[in-house]
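# Commentary on secondary and tertiary structure
Now for the letters of each chain:
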Amino acid sequence: MTTQQATQILDGNKTAKLLKEEIKTEVQKLKAEGKKTPHLAAILVGSNGASMTYVNAKEKDCHEVGFDSTVLRFHETMTEVELLNEVEKINNNPDIDGLIVQLPLPKHINEKKITETISWKKDVDGFHPMNVGLMFKGLPCFLPATPFGIIKMIEHYQIETTGKHCVILGRSDIVGKPMSALMLQKNCTVTVCHSKTKSLEKFTRDADIIIAALGIPQFLKANMVKEGAVVIDVGITRVDDPSNPKGYVLKGDVAYDEVAPKCSYITPVPGGVGPMTRLGLMLNTLNGVKNRY
Ligand code: GUN
């Protein structure tokens, strides 16, 4: 008979706070050496509630670690040409080290065109094809913030990856695809499942590590998970809840209450991957400056 070890919570708030302290120290060192203060710029178009929250949070993170931060806010009627001009201005501004254009953009603006106009040397989101290519080759680059944050979390908790079967749910450009490349680099055997995968639970039941990034609230149920698995929940969906003062609650892709007892490690939602994503962005901005010297 085997005894199940207690489930360990992967605390994103605590881990990000610790690692942010390290960034703060590095920024102080840069300043003491007379080098540049890292400067992150964010562009927000329109007034999407979640986007405004994310941009405000990124601005707060910058202040906490000692970065300079600029947020440019534009009305949703801004044209694509106007936005392209703003991106070019920042590309050419030597004081700014990193630029993010918060997504989603209004429908009349082509997101691909915008993300590909951001200089890949300032692309701290890691969305530019140049950075994607460098990442797949395992070369130094800006990694997409969420996969980067997840890797930092795995390393912080010293979770074994070599030879493990990692099943990723979702094949997005932002999470699923880059995550597969990074877990391969960590010597995992990687399976990527998506909306067209047949008998998906066959794969998840065999997984040592599951990274759920489908955007379907409460998708992963206890009967889909092996005892002792590591479960990382990237999902964060606003689900209507009239009983909540905000009118919604945040739900992950994992049915946490039933899945958690089976896991060796699990991330909560909120307070798991979210804070680590923000950390990934800070690390990219810092690395961008350090690599200049
Ligand atoms: N919208 C949701 N997530 C992201 C992100 O990581 N970067 C940007 N730019 N927009 C987002």
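Quick notes on the rules
- Residues numbered from 1 in each chain as written.
- Predicted model: local features only at pLDDT ≥ 70, side-chain atom pairs only at ≥ 80, totals over all residues.
- Heavy atoms only, no water.
- Pairing = 2+ DSSP bridges.
- Helix = DSSP H or I, 4+ residues; strand = E, 2+ residues; numbered from the N terminus.
- Axes fitted to C-alpha atoms, helices over the stretch in contact; angles between N-to-C directions.
- Contact = heavy atoms within 4.5 Å.
- Buried < 20%, exposed > 50% of the residue type's maximum accessible area, 1.4 Å probe, protein only.
- Disulfide = S-S within 2.5 Å.
- Polar contact = N/O pair within 3.5 Å; in protein donor to acceptor, adjacent residues only side chain to side chain.

The strand order across the open sheet built from three strands is β3-β2-β4, with neighbouring strands paired in parallel fashion. Two strands bound the open sheet, and with one partner strand each, they are β3 (68-74) and β4 (98-101). Across this sheet, the average inter-strand angle for adjacent strands is 15°, counted without regard to direction. Across four bridges, the pairing between strand β2 (residues 39-45) and β4 is parallel. Directly across from Ala42, in β4, lies its bridge partner Ile100. Packed onto the sheet, helix α2 (residues 49-65) meets β2, β3 and β4 and runs at close to 160° relative to β3.

Spatial ordering of the open sheet is given by β1-β11-β8-β7-β5-β6, a layout of six strands whose pairing is parallel. Each of the sheet's edge strands pairs with one partner strand only, and the pair in question is β1 (8-9) and β6 (189-193). Pairing geometry for strand β8 (residues 230-233) and strand β11 (residues 265-266), over two bridges, is parallel. Within the sheet, the bridge partner assigned to Val231 lies in β11 and is Ile266.

Another aspect to go through is unusual backbone geometry. Cis peptide bonds are those with omega within 30 degrees of zero, and the linkage from Leu103 to Pro104 qualifies with 0°. Structurally, the position occupied by Pro104 is in the loop between β4 and α4 (111-117). Positive phi values are uncommon outside glycine, yet Ser199 reaches one of about 45°. One can find Ser199 in the loop between β6 and α8 (200-204). For Gln218, which is not glycine, the phi torsion reads 60° and is therefore positive. Its location among the elements puts Gln218 in the loop between β7 (209-212) and β8. Overall, Gln218 belongs to the partly exposed group, its relative accessible area being 26%.

The next thing to look at is the side chain of Thr161. Looking at the element boundaries, Thr161 is found in the loop between α6 (145-156) and β5 (165-169). Once residues within four sequence positions are removed from consideration, Thr161 is found in contact with Ile154, Met183, Lys186, Asn187, Cys188 and Ile209.

Let us look at the environment of Pro38. Along the chain, the position of Pro38 falls in the loop between α1 (12-32) and β2. Excluding residues that lie within four positions of it along the chain, Pro38 makes contacts with Val27, Leu30, Phe67, Asp68, Asp97, Thr285, Leu286 and Val289.

So, on to the state of the cysteines. All chains considered together, the criterion is met by zero disulfides. The structure places no disulfide on Cys263, whose sulfur is separated from the nearest cysteine sulfur, that of Cys166, by 14 Å.

Right, let's get into the side chain of Thr117. On the secondary structure map, Thr117 appears in helix α4. Classification of Thr117 by relative accessible area gives buried; the value is 19%. There is a polar contact of 2.6 Å between the side chain of Thr117 and the backbone oxygen of Lys113.

This part takes up the environment of Ala145. Structurally, the position occupied by Ala145 is in helix α6. For Ala145, a relative accessible area of 10% puts it in the buried group. Through-space distance from the C-alpha of Ala145 to that of Asp233 is 15 Å; in sequence the pair is 88 residues apart. Ignoring anything within four residues of it in the chain, the contact list for Ala145 reads Asp125, Met276, Thr277, Gly280 and Leu281.

Just distances and angles here, no functional claims.
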